[in-house]
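Overview (structure and organization)
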Amino acid sequence: QKEVEQNSGPLSVPEGAIASLNCTYSDRGSQSFFWYRQYSGKSPELIMFIYSNGDKEDGRFTAQLNKASQYVSLLIRDSQPSDSATYLCAVREGGKLIFGQGTELSVKP
Amino acid sequence: GAVVSQHPSWVICKSGTSVKIECRSLDFQATTMFWYRQFPKQSLMLMATSNEGSKATYEQGVEKDKFLINHASLTLSTLTVTSAHPEDSSFYICSFSGGSSVAYEQYFGPGTRLTVT
């Protein structure tokens, strides 16, 4: 059973700080990785995807991928209260996405 | 990103009745659509994958005779929960795949909250 693991949190950071969210995966052959944000009662929305080792930046968000260590992370700079949500890591397996359990992030004003 | 709609956004039904949920891609022709279920405080659980014009592929433990999926066109997929029971109460979300063959990102509908009384 291929697995995607995340710390369920909650992770609490003060406003303006950097939030660091981590995810590990079990299948060394995985190629594509995704971060989704889900507000309470809403469906997930795609933040970004990454498939090459290293960093990928998009505004305040940076995804980091290390295939050798089988982890992918998401950094949120200058965290805002509006970033408070559950962040889901997903790994593509064939034609499907395998989701982690999500990390709840709380940004305190 | 692509736009996906779901209808209804919420529904309350009595135990034993059937409920149909529609999922439409508004600006993309989706050959593959996915149906997920999410219980409170839990992650998304993939129920089935549907390909246009062919039978859906169900995940292990999902009853195909209870959760009927029809993907009749490139823009419409439906999920029917037959003989619903209170334990079927959940948040049902559809998605379809898009983007490059490498990225293969999925775009989600807004979800349907089903409550079975």
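Everything below is about the structure printed above this text.
These numbers come from a predicted model, not from an experiment.

1. A few points about empty space enclosed by the protein
All names here are of chain A. One pass over the structure, following the stated rule, counts one cavity of 30 Å³ or more. Roughly 30 Å³ of internal volume is contained in the largest cavity. Looking at the largest cavity, the residues that line it are Lys2, Glu3, Val4, Tyr25, Ser26, Asp27, Val91, Glu93 and Ile98. Each residue belonging to the lining of the largest cavity can be placed in one class, and the counts come to four nonpolar, one polar and four charged.

2. Overview of the side chain of B:Ser25
Residue and element names in this part refer to chain B. With respect to the secondary-structure elements, serine 25 resides in strand β3 (residues 19–25). The exposure class assigned to serine 25 is buried, which follows from its relative accessible area of 4%. Ignoring sequence-local partners within four residues, the contact set of serine 25 consists of Val3, Val4, Ala30, Leu74, Thr75 and Phe96.

3. Quick word on the nonpolar core
By size, the foremost hydrophobic cluster in this structure holds 24 residues, and its most contacted members are B:Trp35, B:Phe67, B:Leu79, B:Tyr92 and B:Leu114. Contributions of two or more residues to this core are made by β2 (10–13), β3, β4 (32–38), β5 (45–51), β7 (67–73), β8 (76–81), β9 (90–97) and β11 (112–116) of chain B.

4. Side note on the interface of chain A and chain B
Tallying the contact residues gives 19 residues for chain A and 21 residues for chain B. Between chain A and chain B, roughly 1,600 Å² of surface is buried when both sides are summed, and carbon and sulfur atoms account for 58% of that area. In terms of surface lost to chain B, no three residues of chain A exceed A:Arg92, A:Lys96 and A:Phe99, which account for 26% of the buried area on that side. Along the contact surface separating chain A from chain B lie one salt bridge. Inspection of the chain A/chain B interface yields five residue pairs in polar contact (both at pLDDT 80 or more). In terms of residue class, the side of chain A that touches chain B is built from nine nonpolar, seven polar and three charged.

So, how was this worked out
- Residues numbered from 1 in each chain as written.
- Chains lettered and ligands numbered in written order.
- Predicted model: local features only at pLDDT ≥ 70, side-chain atom pairs only at ≥ 80, totals over all residues.
- Heavy atoms only, no water.
- 1 Å grid on protein atoms, 1.4 Å probe; cavity = no way out; pocket = protein on both sides within 12 Å on 5 of 7 lines; lining within 4 Å.
- Points joined across faces, edges and corners; volume = space filled by probe spheres on them.
- Nonpolar A, V, L, I, M, F, W, Y, C, P; charged D, E, K, R; others polar.
- Helix = DSSP H or I, 4+ residues; strand = E, 2+ residues; numbered from the N terminus.
- Buried < 20%, exposed > 50% of the residue type's maximum accessible area, 1.4 Å probe, protein only.
- Contact = heavy atoms within 4.5 Å.
- Core = buried A, V, L, I, M, F, W, Y, C linked by side-chain atoms within 4.5 Å.
- Buried area = accessible area lost by both parts, 1.4 Å probe.
- Salt bridge = Lys/Arg side-chain N within 4 Å of Asp/Glu carboxyl O.
- Polar contact = N/O pair within 3.5 Å; in protein donor to acceptor, adjacent residues only side chain to side chain.

From the geometry alone we can't say anything about function, so treat these as descriptive.
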